[in-house]
Amino acid sequence: MPDIRFSDTMRERMTLSFEVFPPKTEKGREKLPRVLDELNDFHPDYISCTYGAGGSNVRENRSVMHLIRERTQACTHFTCIGLTREGVREQLQYYLETGVDHILALRGDFPFGWTGTRGDFAHASDLVGYIRSEFGDRFEIAVAAAPGGHVDCISEDDDISWLRHKQDLGADYIITQLCYDLEHFKVWRDKLDKAGITIPIDVGIMPVTTKNGVMTQCFSRNACAVPRDLALVLTHHWFDQDPEGNELPEVKAAFREEGLSYSADLLNRYLTLGINGIHLYALNRADDVREVLKRSGFRV
């Protein structure tokens, strides 16, 4: 059993955590230790790292896990696309042997052209059940949830039933997808209560800093709701190129300024709800995270 169970901590107080990803360039790899140092200055309860579909970046993920564990508690994402039961067992055993016993169990996004996982696990719930049957309570297991419903579910209620299934199989807590629509989050949380879902919820927020970043994360695969106040941020700075296609730095700077203020205000509004935790999608940019936390007054 993990020495520190974050789900227990979330029941005692609100937690703070960050998400990073394995850098794809040498410059990014050189920069990451400094980014992690700066994130660690905020004394997060843990830092998570993404994991590519089918383990496409497993070596890089393991390297980042080592860097995180030198500073704070680490949580690895783990997707089951293209993996066999034996392959999953071997990889998870490696994580345990290297001191990583905290995992976000995911199906993962299908690669282009795929219509199924092409492995032994069809859903994240299958992975959760396998981890519990194979490893008992040696892992703390987080699971993902999408307020509004996962893109592959027929309805939000259907998605919530799958989330209850994950809880029943042994999930310890929830990390939400990007959740800018606070009013819908409140409705969704009430639905979880009625469905008997009692595990803590870590609310995922990505700082708003670029137009393309918001559009890509909300619309490419996630179908995240964009409330009117965020739509206004996009609208105010929509034309960020001149007629010849040249970027307008002053417009991008103005977008970042308004976006950071929006993000800080959203964080403050979430804090008033008495949530279990805040999970900031840092995107390997410590400056943006620092600015949001500073403006919100949270762990300055």
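What counts and what doesn't
Residues numbered from 1 in each chain as written. Predicted model: local features only at pLDDT ≥ 70, side-chain atom pairs only at ≥ 80, totals over all residues. Heavy atoms only, no water. Pairing = 2+ DSSP bridges. Helix = DSSP H or I, 4+ residues; strand = E, 2+ residues; numbered from the N terminus. Axes fitted to C-alpha atoms, helices over the stretch in contact; angles between N-to-C directions. Contact = heavy atoms within 4.5 Å. Parallel < 35°, antiparallel > 145°, perpendicular 65-115°, else oblique. Left-handed = near helix turned anticlockwise from the far one by under 90°. Polar contact = N/O pair within 3.5 Å; in protein donor to acceptor, adjacent residues only side chain to side chain. Disulfide = S-S within 2.5 Å. Buried < 20%, exposed > 50% of the residue type's maximum accessible area, 1.4 Å probe, protein only. Expected span 1.5 Å × (residues − 1). Arc of directions from axis to C-beta. Salt bridge = Lys/Arg side-chain N within 4 Å of Asp/Glu carboxyl O. Phe/Tyr/Trp six-rings, centres within 6.5 Å; stacked < 30°, edge-to-face > 60°. Nonpolar A, V, L, I, M, F, W, Y, C, P; charged D, E, K, R; others polar.

Colleague: Before we move on, could you go through the sheet that holds strand β6 (residues 173–178) and cite the residues and values that matter?
Modeller: An order of β1-β2-β3-β4-β5-β6-β7-β8 is seen for the eight strands of this closed barrel, with the pairing classed as parallel. On average, each strand axis in the sheet is inclined to that of its neighbour by 25 degrees, with strand direction left out of account. Pairing between β6 and strand β7 (residues 201–205): three bridges, direction parallel. In the strand pairing of β7, Leu 178 is matched with Gly 204. Across the sheet, helix α3 (residues 58–69) is in contact with β1 (15–20), β2 (46–49) and β3 (74–79); its angle to β3 comes to roughly 160 degrees. Along the sheet, helix α4 (residues 85–97) contacts β3 and β4 (102–106); its crossing angle with β3, the most-contacted strand, is approximately 175 degrees.

Colleague: Mind laying out the packing of helix α6 (residues 156–169) against helix α7 (residues 182–194), listing which residues take part and the relevant values?
Modeller: Put simply, α6 and α7 touch, their axes get as near as 10 Å, and they point 50 degrees apart. By the angle between their axes, α6 is oblique relative to α7. Here α6 and α7 pass one another in a crossing that is right-handed. Along its contact with α6, which presents Glu 156, Asp 157, Ile 160 and Leu 163, the element α7 presents His 184, Trp 188, Lys 191 and Leu 192.

Colleague: Describe the environment of Ile 103, with residues and values.
Modeller: Counting through the fold element by element, Ile 103 comes out in strand β4. When the C-alpha atoms of Ile 103 and Leu 127 are compared, they prove to be 11 Å apart, with 24 residues separating the residues in sequence. Discounting chain neighbours no more than four positions away, the residues touching Ile 103 are Cys 75, Thr 76, Phe 78, Leu 92, Ile 131, Phe 139, Glu 140, Ile 141 and Ala 142.

Colleague: Break down the side chain of Asp 202 for me, with residues and values.
Modeller: Tracing the sequence through the fold places Asp 202 in strand β7. Here Ile 278 takes part through its backbone nitrogen, which lies 3.2 Å from a polar atom of the side chain of Asp 202. Beyond its immediate sequence surroundings of up to four residues, Asp 202 is in contact with Met 10, Thr 15, Ser 17, Tyr 46, Tyr 173, Ile 174, Ile 175, Thr 176, Gly 277, Ile 278 and His 279.

Colleague: I'd like a rundown of the state of the cysteines, residues and numbers included.
Modeller: Per the stated rule, a full pass over the model turns up zero disulfides. Considering cysteine sulfurs only, Cys 224 is the nearest to Cys 179, which forms no disulfide, with 8.0 Å between them. Judged by relative accessible area, which is 4%, Cys 179 ranks as buried.

Colleague: Can you lay out α7 for me, pointing to particular residues and giving the numbers?
Modeller: Quick reminder: α-helices carry 3.6 residues per turn. Residues three or four places apart thus point the same way. Look at α7: 19 Å from first C-alpha to last across 13 residues, which is about the 18 Å you get at 1.5 Å a residue. Among all positions of α7, only Leu 182, Phe 185, Trp 188 and Leu 192 are buried. Buried positions in α7, seen along its axis, are confined to an arc of 105 degrees and lie on one side of it. Projecting away from the buried face of α7 at angles above 90 degrees are the exposed residues Asp 193 and Lys 194. Contacts made by the buried residues of α7 are with β5 (140–145), α6, β6, β7 and α10 (249–271). Backbone nitrogen of Glu 183 and a side-chain oxygen of the N-cap are separated by 3.4 Å at the start of α7; the cap is Asp 181.

Colleague: So what's going on with the pattern of salt bridges? Residues and values would help.
Modeller: Any two side chains of opposite charge can pair, given that their charged atoms come close. Per the counting criterion, the structure on display carries 23 salt bridges. Among the ionic pairs, Arg 295 bridges to Glu 257, the shortest N-O distance being 2.9 Å. Of this pair, Arg 295 sits in helix α11 (residues 286–296) while Glu 257 sits in helix α10, and the two are 38 residues apart along the sequence. The class of Glu 257 is partly exposed, set by a relative accessible area of 42%. Linked through salt bridges whose partners overlap, the residues forming this network are Arg 34, Glu 38, Asp 287 and Arg 290.

Colleague: Tell me about the packing of aromatic side chains, and please be specific about residues and values.
Modeller: This structure, assessed with the given rule, holds ten aromatic pairs. Between Tyr 94 and Tyr 95 the ring centres are 6.2 Å apart and the planes differ by 70 degrees, which places this aromatic pair in the edge-to-face class. Note on Tyr 95: relative accessible area 1%, which makes it buried. Considering the side-chain rings of Phe 185 and Trp 188, the 5.8 Å spacing of their centres and the 45 degrees angle between planes classify their relative orientation as tilted. One end of the pair is Phe 185 and the other is Trp 188, both in helix α7 and three residues apart, which spans about a single turn.

Colleague: Break down α6 for me, with residues and values.
Modeller: Taking 1.5 Å as the rise per residue, α6 with 14 residues should run 20 Å; its terminal C-alpha atoms sit 20 Å apart, in good agreement. Glu 156, Asp 159, Ile 160, Leu 163, Lys 166 and Gln 167 are the residues of α6 that are buried. The buried residues of α6 occupy an angular sector of 110 degrees when the element is viewed end-on, so they sit on one face. Positive backbone phi, approximately 125 degrees, marks Gly 170, located one or two places after α6.

Colleague: I'd love a proper account of the packing of α3 against α4, names of residues and values included.
Modeller: In the contact formed by α3 and α4, the axes pass within 12 Å of each other and the chain directions differ by 20 degrees. For the element pair α3 / α4, the angle class is roughly parallel. Handedness of the α3/α4 crossing: right-handed. Only Gln 91, Tyr 94 and Tyr 95 of α4 make contact with α3, whose side of the interface consists of Val 58, Asn 61, Arg 62 and Met 65. Each residue belonging to the contact of α3 with α4 can be placed in one class, and the counts come to four nonpolar, two polar and one charged.

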